[in-house]
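Fold and geometry: a report
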Amino acid sequence: MNNIIIGQYVPGTSFLYRMDPRSKILALIVLMASAFVINDIEVMVGMLVVVLIILKLGGIPIIRILRGLKPVLILLTFTFVFQLLFVKGETTLFDFTMSLTPINTAIMIAIITLWWLIRKKVRTRFLFTIFTAAGIMTMLSLYSPGTSFSMSTVEIYPEGLYGALYIMTRLIVIITLSTILTLTTKPTDLNLGLEKVLKPFKYIGLNAEELAMIISIALRYIPTLLDEANKIMLAQASRGVDFSEGKFKDKVMQIISLLVPMFIISFKRSDELANAMEARNFIPGKVRTRIHTLSWHTTDTYVMMFAFIMLALAIFTRTSLWTL
Amino acid sequence: MAIEFRGVNFHYKGMDQTDYHALKDINLKIEAKGEFIALIGETGSGKSTLVQHMNALVRPTSGDVTIYGVKVYKDVKKKNTKVRLNPLRQKVGLVFQFPDYQLFEETVQKDIIFGPKNFGVPEKEAIERAKDVIKLVGLDETYLERSPFNLSGGEKKRVSIAGILAMEPDILVLDEPTSGLDPKGRDSLLQLFTDIHQKLGSTVVIITHDMNIVYKYANRVLVMNQGSLVYDGTAGKLFKSKHLEEWNLDLPEIIEISRNLQEKLGIKFKETPHSIDHLYELIKEEL
C-alpha cells in the first residue's frame with residue numbers, strides 16, 4: 001500500500017518537460033483528432049512512426065510506454081482477434097480447418113492442464129495464454145488422425161486483417177500520446193493547465209476553476225486517506241478482525257468495519273478543510289493569484305504548429321486529392 | 001514472561017519513499033501480571049509503533065517479539081503457516097489513540113460486542129460484558145442504545161476503551177487514553193486502570209505525555225527517544241536523571257514545586273515528595 005505513486009510523472013529535462021502544460025494538452029487533443037481523422041492503414045502507421053520520433057526526441061524510454069500499454073493489453077488483443085475473425089470480405093486471404101478427433105482432443109486437454117499448472121509461475125501470464133491458445137489451434141488444424149467428430153473452419157479476409165491492424169495501431173497511437181502527457185507533466189501542472197484550457201467553457205456553465213480545485217484536493221488527499229485506511233485496519237485488527245486469517249463469511253462484516261470509519265473520517269476531513277479554507281478567506285470563483293504561473297515559450301508555438309500541420313495532413317489524406 | 005522483545009528493529013517507507021528507522025534495537029520484557037508501565041517520549045519517538053508490536057499488529061523488520069509463547073518475526077507467516085496471530089490480540093488488548101478509527105456500528109452496544117464476538121464469545125455473554133464495561137468506563141446503560149457517532153469526543157473515547165475491555169485482555173495497552181479528556185474524566189479513567197491493575201493484577205501499559213500521571217501511577221517507566229529505548233526503570237529514578245532535557249521530558253508538578261521551594265527557602269528535603277500530603281509532611285519537618 002505504501003508503494004503507490006500518484007500519477008505517472010517521471011522527472012526529465014527534454015523539450016516535453018519544458019513545455020507549457022496548456023500547449024501540451026492542446027497539442028494532445030489536436031494530435032488525437034488527427035489520429036481519428038486518418039482512415040488509412042498506411043497513413044496510420046506513418047502517424048505511429050511520427051509518435052515514435054516524438055518519443056525519441058523527448059528522451060522517453062520506450063519501456064515506459066510499453067508499461068503504460070500493459071493494462072490495455074487484453075483490450076488490444078480482443079479487438080485484434082475479433083476484427084480478424086468477424087470482418088468478412090469477398091475473397092479469403094487464407095483459411096484453415098480445425099477438426100476434433102479423440103487423439104488430438106486428448107492432447108488438447110493435456111496442454112490445457114499443463115497451462116493450468118504452470119501459468120502461476122510464468123511472469124508474462126497473458127502472452128503465455130495467447131501462445132497456448134494459438135498453439136492449440138495450430139495443433140488442431142495440422143494434426144488430426146482418426147475420425148473427426150467436430151469440424152470448424154476459420155476464414156481470414158484481407159479486410160479483417162487490415163481492419164485489425166488499423167484499429168490496433170490507432171489505439172497504440174492514442175494511448176502513447178496520452179501517456180507522453182502524463183509521463184512528462186506533474187499532476188499539479190496538469191491540473192493548472194487543464195484549468196486554463198477549460199476556461200472558455202465558463203460560458204456554457206462549466207466552472208473550470210472549481211473543477212481544477214476539486215481535482216487538486218482529491219490528488220492531495222489520496223496519500224492522507226491511504227494512511228487513515230491503514231490506521232483503521234490496524235485498529236480493527238486489534239479488535240479481532242482477521243484480514244488474512246479469517247473465513248469468507250466474515251469478510252462482509254470486516255469490510256463494513258473499514259468502510260464506515262473511512263466515510264466518517266473523510267467527511268470530517270472535508271469539513272475541516274472547508275473551514276480552514278474559509279478561515280483563509282477562500283471564496284469560490286474569486287480571482288486568486290498563484291505561486292506558479294504558466295509561461296508560453298517559442299517551443300510551445302512550434303509544437304502547436306506541428307500539431308496543426310499533422311491535423312491538416314490527416315484531413316488531406318482523406319480527400320480525393322490523396323487517392324489520385 | 002508475557003511479551004519479550006529481542007533486538008527489534010522496524011523500518012518503514014514513507015509516502016516519499018524515504019526509509020524511516022522507527023525502532024532501533026529494542027530489548028524489553030513485560031510481565032503478564034502486576035506491572036503498571038508508562039511509555040513516554042516526544043512525538044515521533046516510536047511509542048505507537050512499539051505498542052503495535054505488542055499484539056503482533058506489525059511485525060519487526062529484524063529481531064523478534066515473543067507474545068505468550070508465540071514468536072513473531074518478519075516472515076512468520078511464510079515460515080510457519082500454522083501460526084495464528086489473531087488470538088494474541090485478545091490476550092493483549094490495544095486501545096488506539098483516536099476512537100474514530102474503530103467505531104462503526106449503529107449502536108454503542110453493537111460496537112462493544114464486536115471485539116468479543118470476533119474472538120468467539122457468544123452474543124449473549126458479550127452483551128452481558130457490554131453492560132458491565134460501559135459502567136466501568138463511567139457511562140451508564142442508556143448509552144448502549146445510542147449511536148456512537150452522536151457522542152462527544154470523551155464519550156467516544158470511553159466507548160472505544162469499553163470495546164477493548166469487553167474482550168477481557170490479559171494485558172491492557174492504551175495509546176494516549178487521556179488525550180482530549182477533561183481533568184475529571186482523565187482522573188476517573190486513570191482510577192479505572194489502577195483498579196484493573198490492582199484488583200485483577202493485570203499489566204497495564206499506557207502511552208502518555210503527562211508526567212504527573214507517570215509519577216503518580218506508574219511502577220515502571222519506559223522512555224523512547226528517536227526510536228531507541230533509552231530508559232527502563234522507576235519513575236523516581238527517572239526524574240533524578242540528567243538526561244531529561246535531552247529526551248525532551250519535563251518534571252511532574254510536585255517535584256517542580258518542591259525543587260523551587262528548596263531553592264527559594266534554602267532548605268533540603270530528606271526525600272522527593274510523591275504527593276501534596278507528602279510534601280506537606282516534609283515542609284512540616286523542616287520548619
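Residues numbered from 1 in each chain as written. Chains lettered and ligands numbered in written order. Predicted model: local features only at pLDDT ≥ 70, side-chain atom pairs only at ≥ 80, totals over all residues.

All right, on to the overall build of chain B then. Within chain B, the secondary structure is distributed over eleven helices and ten strands. The C-alpha radius of gyration computed for chain B amounts to 21 Å, which stays within 12% of the reference 19 Å derived for 287 residues, consistent with globular compactness. Oriented by its inertia axes, the alpha-carbon framework of chain B measures out at about 65 × 45 × 40 Å. Across the 287 residues in chain B, those meeting the buried criterion constitute 42%. (Helix = DSSP H or I, 4+ residues; strand = E, 2+ residues; numbered from the N terminus. Rg over C-alpha atoms; globule rule 2.2 N^0.38 Å. Buried ≥ 20, exposed ≤ 12 C-beta atoms within 10 Å, placed from the backbone.)

For the rest of this paragraph, the subject is the overall build of chain A. If you tally the helices and strands in chain A, you get 13 helices and two strands. Whereas a compact globule of 324 residues would reach a radius of gyration of roughly 20 Å, chain A reaches 27 Å, over 25% beyond that. A buried classification covers 17% of the 324 residues belonging to chain A. Here the contacts in chain A between residues at least 6 apart in sequence split such that 87% fall between residues at least 24 apart. (Contact = placed C-beta atoms within 7 Å.)

Below, the discussion takes up the domain arrangement of chain A. Residue and element names in this part refer to chain A. The domains assigned to chain A are domain 1 (10-93 + 159-185 + 299-318) and domain 2 (95-156). Listed as interface residues are nine residues of domain 1 and, on the opposing side, six residues of domain 2. With five residues, helix H5 (residues 73-86) is the largest single contributor of residues to the side of domain 1 that touches domain 2. Grouping the amino acids of the side of domain 1 that touches domain 2 by side-chain chemistry returns six nonpolar, three polar and no charged. (Domains from an automatic or database assignment. Nonpolar A, V, L, I, M, F, W, Y, C, P; charged D, E, K, R; others polar.)

In this assembly, 20 residues from chain A lie in contact with 22 residues from chain B. Listed by contribution, the elements that provide at least two residues to the side of chain A that touches chain B are helix H10 (208-237) and helix H11 (251-279) of chain A. Here the element with the most residues in the side of chain A that touches chain B is H10 of chain A; it accounts for seven residues. Residues of the side of chain A that touches chain B, tallied by class, amount to eleven nonpolar, five polar and four charged.

All names here are of chain B. For proline 60, the position within the fold is in the loop between helix H1 (47-54) and strand E4 (62-67). Judged by C-beta crowding, with 21 C-beta atoms within 10 Å, proline 60 ranks as buried. Apart from residues lying up to four places away in sequence, proline 60 is in contact with Val8, Asn9, Phe10, His53, Val65, Tyr73 and Lys74.

Right, let's get into the packing of helix H4 (residues 62-69) of chain A against helix H8 (residues 158-184) of chain A. When two helices pack together, their arrangement is given by the angle between their axes and by how far apart the axes lie. Residue and element names in this part refer to chain A. With their axes 10 Å apart at the nearest point, H4 and H8 run at an angle of 115° to one another. One finds that H4 runs roughly perpendicular with respect to H8. Regarding H4 and H8, the two cross each other, and that crossing is right-handed. Residues Arg64, Ile65, Gly68 and Leu69 of H4 form the contact with H8, whose own contacting residues are Ile172, Ile175, Thr176, Thr179 and Leu183. Residues belonging to the contact of H4 with H8 are distributed by class as follows: five nonpolar, three polar and one charged. (Axes fitted to C-alpha atoms, helices over the stretch in contact; angles between N-to-C directions. Parallel < 35°, antiparallel > 145°, perpendicular 65-115°, else oblique. Left-handed = near helix turned anticlockwise from the far one by under 90°.)

Bringing the domain arrangement of chain B into the picture now. All names here are of chain B. In terms of domains, chain B is made up of domain 1 (3-239) and domain 2 (252-287). Using only C-alpha atoms to locate each centre, domain 1 and domain 2 end up separated by 35 Å. Counting residues at the interface gives six residues for domain 1 and six residues for domain 2. At four residues, helix H8 (residues 211-217) tops the list of elements feeding residues into the side of domain 1 that touches domain 2. Of the residues that constitute the side of domain 1 that touches domain 2, the class distribution is four nonpolar, two polar and no charged.

The next point concerns the sheet that holds strand E5 (residues 70-72) of chain B. As a general point, the strands of a sheet are linked pairwise by backbone hydrogen bonds and lie either parallel or antiparallel. All names here are of chain B. Taking strand neighbours across the sheet as the criterion, the four strands line up as E2-E1-E4-E5 in an open arrangement whose pairing is antiparallel. The two strands at the open ends of the sheet, each matched to only one other strand, are strand E2 (19-30) and E5. For this sheet, the mean inter-axis angle between neighbouring strands, taken without regard to orientation, is 25°. Inspection of the sheet shows E4 paired to E5 by three bridges, in the antiparallel sense. For isoleucine 67, the partnering residue across the bridge sits in E5 and is valine 70. (Pairing = 2+ DSSP bridges.)

This part covers the confidence of the model for chain B. All names here are of chain B. Per-residue pLDDT for chain B has a mean of 88; in total, 99% of the residues score no lower than 70. Highest mean pLDDT in chain B belongs to strand E3 (residues 36-40) (94); lowest belongs to helix H2 (residues 76-79) (77). The ipTM value of the predicted complex is 0.88, and its pTM value is 0.73. (pLDDT = per-residue confidence, 0-100.)

On to unusual backbone geometry. The general pattern is negative phi for most residues beyond glycine and trans for most peptide bonds. Although it is not a glycine, asparagine 281 of chain A sits at a positive phi angle of roughly 65°. Summarising the element assignment, asparagine 281 of chain A is placed in the loop between H11 and helix H12 (298-318). Look at asparagine 281 of chain A and you get exposed, because 7 C-beta atoms sit within 10 Å. One non-glycine residue, asparagine 248 of chain B, adopts positive backbone phi at about 60°. Among the structural elements, asparagine 248 of chain B can be located in the loop between helix H9 (235-238) and helix H10 (253-265).

Bringing the sheet that holds strand E9 (residues 220-225) of chain B into the picture now. All names here are of chain B. Across the sheet, which stays open at both edges, the six strands sit in the order E6-E7-E8-E3-E9-E10 with mixed pairing between neighbours. Of all the strands in the sheet, the pair left with one neighbour each is strand E6 (92-95) and strand E10 (228-233). Neighbour to neighbour, the strand axes of the sheet diverge by 15° on average, direction disregarded. Where E6 lies against strand E7 (residues 171-175), four bridges are found, and the strand directions are parallel. Note on E7: the bridge partner recorded for valine 92 is isoleucine 171. Contacts between helix H7 (residues 183-200) and the sheet are confined to E3, E7 and strand E8 (203-207), with E8 contributing the most and set at about 155° to the helix.

Residue and element names in this part refer to chain B. As paired strands, E9 and E10 are joined by five bridges and run antiparallel to one another. Within E10, the position partnered with methionine 224 by the bridge is leucine 229. Here E9 folds back onto E10, and the loop between the two strands holds two residues, one of which, glutamine 226, carries a positive phi near 50°.

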